[in-house]
Amino acid sequence: MAGTDRRKAKAQASKFATTDGPVIILVRPQLGENIGTAARAMLNCGLIDMRIVAPRDGWPNVKALNAASGADAVIGRAKLYDSVPEAVADLDLVYATTARGREMIKPVLTPRGAAENLRRTPAAKSGILFGPERSGLNNEDVSIADAIIEAPLNPAFSSLNLAQAVLILSYEWYTAGGG
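Throughout what follows, the structure given in this document is the object of discussion.

**Some remarks on helix α8 (residues 162-176)**
An α-helical segment advances 3.6 residues per turn. Residues three or four places apart therefore align on the same side.
Part 1: Given a rise of 1.5 Å per residue, 15 residues ought to cover 21 Å, and the 21 Å separating the end C-alpha atoms of α8 matches this to within 8%.
Part 2: Taken together, the buried residues of α8 touch β1 (23-27), α2 (32-44), β4 (93-97), α6 (111-120), β6 (126-130) and β7 (147-149).
Part 3: Between a side-chain oxygen at the N-terminus of α8 and the backbone nitrogen of Ala163 the separation is 3.1 Å; the capping residue is Asn161.
Part 4: Once α8 finishes, Gly178 follows within two positions and takes phi at roughly 85°, a positive value.

Here's what the structure looks like:
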């Protein structure tokens, strides 16, 4: 679905974005391109706050900016952190995305359920953790979260790339607000 009006995009895209939505936190992302496409997915759904924890290929990253395809506002505002605890220290509510079963007692929400909950608690500063492309979040990262988000996908193949995962959660948050 292409259709960005390039004449309006740079001037107006961030005008429709909010800092009141959840912070998208990319934990140890491997490729700049994946950071850029995640930024693009965020801005499509009106989110602008990205935090990046220990990116493998460093930051800033020209490949991220190129892959963002105009989501420069997200890339330009992205904040860099050394650890997950540091990245979530100021947040009231943290969700962790995962497709793997965990040996933890935590509420498990669908993307839609998580989005509805985020919309019901607008005063809470919230964030959603997304793990590295190859392995996802580790147990230590998930243990920091208040709840787990698990997309109900094919149980035999639930592998998403980083931008797809960010888009699903961003889209559900956007539509839960009537977007």
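Following the structure, the description resumes.
**Remarks on the layout of surface pockets**
Part 1: One number sums up the size of the second largest pocket: a volume of about 570 Å³.
Part 2: Lining the second largest pocket are 26 residues, and of these Thr98, Ala99, Gly136, Ser158 and Leu160 lie nearest its centre.
Part 3: A per-element tally of the lining of the second largest pocket places α8 first, with four residues.
Part 4: Partitioning the lining of the second largest pocket into residue classes produces 13 nonpolar, eight polar and five charged.

**Considering the packing of α2 against α8**
Part 1: Two numbers describe how α2 lies on α8: the axes approach to 8 Å, and their chain directions differ by 15°. Relative to α8, the element α2 is oriented roughly parallel. The handedness of the crossing between α2 and α8 is right-handed. Along its contact with α2, which presents Asn34, Thr37, Ala38, Ala41 and Met42, the element α8 presents Leu162, Ala163, Val166, Leu167 and Ser170.

**Some remarks on the sheet that holds β6**
Part 1: As summarised here, the arrangement of the seven strands in space is β3-β2-β1-β6-β4-β7-β5, forming an open sheet in which the pairing is parallel. The strands lining the two open edges of the sheet, one partner per strand, are β3 (79-81) and β5 (108-109).
Part 2: Along the sheet, α6 contacts β4, β5, β6 and β7; its crossing angle with β4, the most-contacted strand, is approximately 170°.
Part 3: Across the sheet, α8 lies against β1, β4, β6 and β7, angled at about 150° from β6, the strand it touches most.

What counts, and where the lines are drawn
Residues numbered from 1 in each chain as written. Predicted model: local features only at pLDDT ≥ 70, side-chain atom pairs only at ≥ 80, totals over all residues. Heavy atoms only, no water. Helix = DSSP H or I, 4+ residues; strand = E, 2+ residues; numbered from the N terminus. Expected span 1.5 Å × (residues − 1). Contact = heavy atoms within 4.5 Å. Polar contact = N/O pair within 3.5 Å; in protein donor to acceptor, adjacent residues only side chain to side chain. 1 Å grid on protein atoms, 1.4 Å probe; cavity = no way out; pocket = protein on both sides within 12 Å on 5 of 7 lines; lining within 4 Å. Points joined across faces, edges and corners; volume = space filled by probe spheres on them. Nonpolar A, V, L, I, M, F, W, Y, C, P; charged D, E, K, R; others polar. Axes fitted to C-alpha atoms, helices over the stretch in contact; angles between N-to-C directions. Parallel < 35°, antiparallel > 145°, perpendicular 65-115°, else oblique. Left-handed = near helix turned anticlockwise from the far one by under 90°. Pairing = 2+ DSSP bridges.

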